[in-house]
Amino acid sequence: MDRRELLKMIVAATGAAMVGLPALAQGQAQAAATKIHFSDADVGTLDEIAETILPRTKTPGAKDAGTGAFMATFVSDCYTARQQATFRAGLADIDKRAGGRFVSLAPQARTELLRVLDAEARKHVVEVTETGTAEAGEAMPHYFTMIKQLSIFGFFTSKVGATEVLRYVAVPGRYDGDLAYVPGTPAWGTG
């Protein structure tokens, strides 16, 4: 799966353009003064949220890919100060809705909470530029949209996601223009 296909999948899954892409695409991290830092507990919570979205089944889950640490780094390096504040407030709201800590909920309760948040996020559609940033002074995307985007992006761009979940072929590889397709097989991943 190439990056464009992944980004299209994220837009389809979340209903919004990927937040934070301008800084990632231009290779420009935010100024050090605007970076927020995540504690180990925050990263653990992000791992558990991502694992609830992309659980371990016959294939590795989001926690296996270290998605929580990826999310913390991406938010710190690629989100604007406004986006970071929205993301941080969202983490606090998830814990509040969980009645204390998200990680203390049973798996079924975690799933139900994230389904409620996903429904809210789909109703909270905001216009964003094609690069995924709201203009200054405009409404921000729902925080769960950001979390879901980063969960998907972090998982499928990880080594685990690209090599153990997607079918992996090292590039460059041989060209096979007549490769048989079997319905239901995973998409291709490249490293």
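Scroll up to find the structure.
These numbers come from a predicted model, not from an experiment.

**Q** Help me understand helix H4 (residues 67-78), please; the structure alone is not making it clear to me.
**A** It helps to recall that an α-helix has 3.6 residues per turn; residues three or four apart then point in one direction. For H4, with 12 residues, the first-to-last C-alpha span of 16 Å sits near the 16 Å given by 1.5 Å per residue. When we look at burial in H4, the residues that qualify are Thr67, Gly68, Met71, Ala72, Phe74, Val75, Ser76 and Cys78.

**Q** Any chance you could explain the packing of aromatic side chains here in plain terms?
**A** To describe a pair of aromatic rings, one takes the distance between the centres and the angle between the planes. Per the stated rule, a full pass over the model turns up seven aromatic pairs. Relative to Phe87, the ring of Phe38 has its centre 6.1 Å away and its plane inclined at 85°; by these criteria the two rings are edge-to-face. Of this pair, Phe38 sits in the loop between helix H2 (21-26) and helix H3 (40-53) while Phe87 is found in helix H5 (residues 81-97), placing the two residues 49 residues apart along the sequence. A centroid spacing of 6.0 Å and a plane angle of 70° characterise the contact between Phe74 and Phe153, whose relative ring orientation is edge-to-face. Of this pair, Phe74 sits in helix H4 while Phe153 is found in helix H7 (residues 143-156), placing the two residues 79 residues apart along the sequence. With a relative accessible area of 4%, Phe74 lands in the buried category. The structure contains a cluster of three or more aromatic residues connected by ring pairs, namely Phe38, Phe70, Phe74, Tyr79, Phe87 and Phe153. Just above the ring of Phe38 sits the side chain of Arg88; from NZ or CZ to the centre is 4.5 Å.

**Q** How should the environment of Ala139 be read in this particular structure?
**A** Secondary-structure assignment places Ala139 in the loop between helix H6 (107-123) and H7. C-alpha of Ala139 to C-alpha of Val125: the two residues are 14 residues apart in sequence and 9.3 Å apart in space.

Parameters at a glance
- Residues numbered from 1 in each chain as written.
- Predicted model: local features only at pLDDT ≥ 70, side-chain atom pairs only at ≥ 80, totals over all residues.
- Heavy atoms only, no water.
- Helix = DSSP H or I, 4+ residues; strand = E, 2+ residues; numbered from the N terminus.
- Expected span 1.5 Å × (residues − 1).
- Buried < 20%, exposed > 50% of the residue type's maximum accessible area, 1.4 Å probe, protein only.
- Phe/Tyr/Trp six-rings, centres within 6.5 Å; stacked < 30°, edge-to-face > 60°.
- Lys NZ or Arg CZ within 6 Å of the ring centre and 35° of its normal.

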